[in-house]
Amino acid sequence: MIDKVWNWKNLNEAWKKVKQNRGAGGIDDVTIDEFERNLEQNLNEIQRLLRQDRYVPKPVKRVYIPKPDGRQRPLGIPTIRDRVVQQALKNVIESIFEVEFLDSSFGYRPGKSAKQAIEQIETVRDEGHEWVVDADIKAFFDTVNHEKLIDAVAERISDGRVLRLIRAFLEADVMEEGQGRAKNVIGTPQGGVISPLLANIYLHYFDERMAGLGYEVVRYADDVLVLCGSEEEAEEAISHVKEILEELELTLHPQKTKIKNFSEGVDFLGFTVYVSHKVPRKEAVRKYKEAVRRATRRNLPINLEMVIQNLNPVVIGWGNYFKIANVNWLYKRLDGWTRMRLRAFKEKRKSYNSNRRILNVFLRNLGLKSLSSLLNPEW
């Protein structure tokens, strides 16, 4: 199978995907543009090392991104070269595991989406499953057991060179600013191209066991909901979830794992789902406003038209994701607030009379997209 990984066409396709996804360089500071300037030479070298079974990943560059609760989430950034190899590997092995994965798994899979996960939750809810186990796996990506993961991969792949390559990526050293180089003996770094696929392979055992016990599960990577017909069933489900995860050497977060009812709202993938409707989480709305504020700071050295050009991707991306929810009034309210921010930028101060001087049609003629137009293109 390794010859399919280093196949020239596959390496080129992998490179195109890595380029499309952009992202910062790793510890060698080689950027996407720099890698592309010597593309043929770089791909030739990758191919040569893979053919000779001598490819060694470089250490992963660890950075931290803030979480909503104020803590820091570690993110591992591989080099561009390593991302190309991981993508080439993913191109080859993903289809092998896709035929095995269950329909309850929605995260990072071709043809699957967060929208489908939410729709599945609503479908199962409407069948009478009003109680939910919101299972939070504690530090999942940081605690994946390498041996168990390799064993899971080896159930479908027998090529020792492919298995050694996957192990090499799992065990790649970590470089952290101010702390030097450290061995990675557990976990799969978030940020790696192949990490989401490996996560699904690892948790496939959990999916199968829960399905065998008759539970309705919706899983998106390490975010898990178990939908139940009663509170008693939900309490029993927690014990099964805990037991199965312990077999995988994973643990539930005791404070964050909860039993909920749709009457109080169930949070999942940025939405809050209720008995008969769903809305974006308050945290999601706050993040949208933060992004708009950054794009409309009054001290930016650009004109209003450029601000709108920078703002539109935020509006379109956020709006398209959440438009499956009940958002008519929310979108209208946020559109008005966004226009207020643009008027304040134009006048360099907040003015309650500026909407008379800077009409909605003026902003629209400058190219401003609105959330409401994503619901009805004629608006």
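1. Details of the pattern of salt bridges
Think of it this way: side chains of opposite charge can pair up when their charged atoms draw near.
Line of reasoning, step 1. Across all of its chains, the model carries 21 salt bridges by this definition.
Line of reasoning, step 2. One salt bridge in this structure joins Glu171 and Arg167, with 3.3 Å as the shortest N-O distance.
Line of reasoning, step 3. Relative accessible area serves as the criterion here: at 34%, Glu171 is assigned to the partly exposed category.
Line of reasoning, step 4. Between Arg286 and Glu283 there is a salt bridge; the shortest N-O distance is 2.3 Å. Of this pair, Arg286 and Glu283 are both found in helix H12 (residues 282-295), 3 residues apart, which corresponds to roughly one turn of the helix.
Line of reasoning, step 5. Overall, the relative accessible area of 35% leaves Arg286 in the partly exposed class.
Line of reasoning, step 6. Salt bridges here are not isolated pairs; linked through shared partners, they connect Glu147, Arg167 and Glu171.

2. What about the sheet that holds strand E10 (residues 271-273)?
Line of reasoning, step 1. One open sheet holds the 3 strands; their spatial order is E9-E10-E11, and the pairing between them is antiparallel. The two strands at the open ends of the sheet, each matched to only one other strand, are strand E9 (266-268) and strand E11 (278-280). Taking the axes of each pair of neighbouring strands and ignoring which way they run, one obtains an average angle of 25° across the sheet.
Line of reasoning, step 2. Taken together, the 3 bridges between E9 and E10 define a ladder with antiparallel strand orientation. Directly across from Asp267, in E10, lies its bridge partner Thr272.

3. Some thoughts on the packing of aromatic side chains
Line of reasoning, step 1. This model, assessed by the stated rule, comprises 12 aromatic pairs.
Line of reasoning, step 2. Ring plane angle 25° and centroid distance 5.2 Å describe the contact between Trp15 and Phe35, whose orientation is recorded as stacked. Taken as a pair, Trp15 in helix H2 (residues 8-21) and Phe35 in helix H3 (residues 32-37) lie far apart in primary sequence, 20 residues in all. For the pair formed by Trp15 and Phe35, the shared burial category is buried.
Line of reasoning, step 3. Geometrically, the ring pair formed by Tyr288 and Trp318 is tilted, given 4.8 Å between the ring centres and 40° between the ring planes. Placement of Tyr288 in helix H12 and of Trp318 in helix H13 (residues 304-322) is noted, with a sequence separation of 30 residues between them.
Line of reasoning, step 4. Trp318 sits in the buried class, given a relative accessible area of 12%.
Line of reasoning, step 5. Three or more aromatic residues joined by ring pairs make a cluster, and in this case those are Phe271, Tyr288, Trp318, Tyr321, Phe322 and Tyr331.

Conventions adopted
Residues numbered from 1 in each chain as written. Predicted model: local features only at pLDDT ≥ 70, side-chain atom pairs only at ≥ 80, totals over all residues. Heavy atoms only, no water. Salt bridge = Lys/Arg side-chain N within 4 Å of Asp/Glu carboxyl O. Buried < 20%, exposed > 50% of the residue type's maximum accessible area, 1.4 Å probe, protein only. Helix = DSSP H or I, 4+ residues; strand = E, 2+ residues; numbered from the N terminus. Pairing = 2+ DSSP bridges. Axes fitted to C-alpha atoms, helices over the stretch in contact; angles between N-to-C directions. Phe/Tyr/Trp six-rings, centres within 6.5 Å; stacked < 30°, edge-to-face > 60°.

Geometry only, nothing functional implied.
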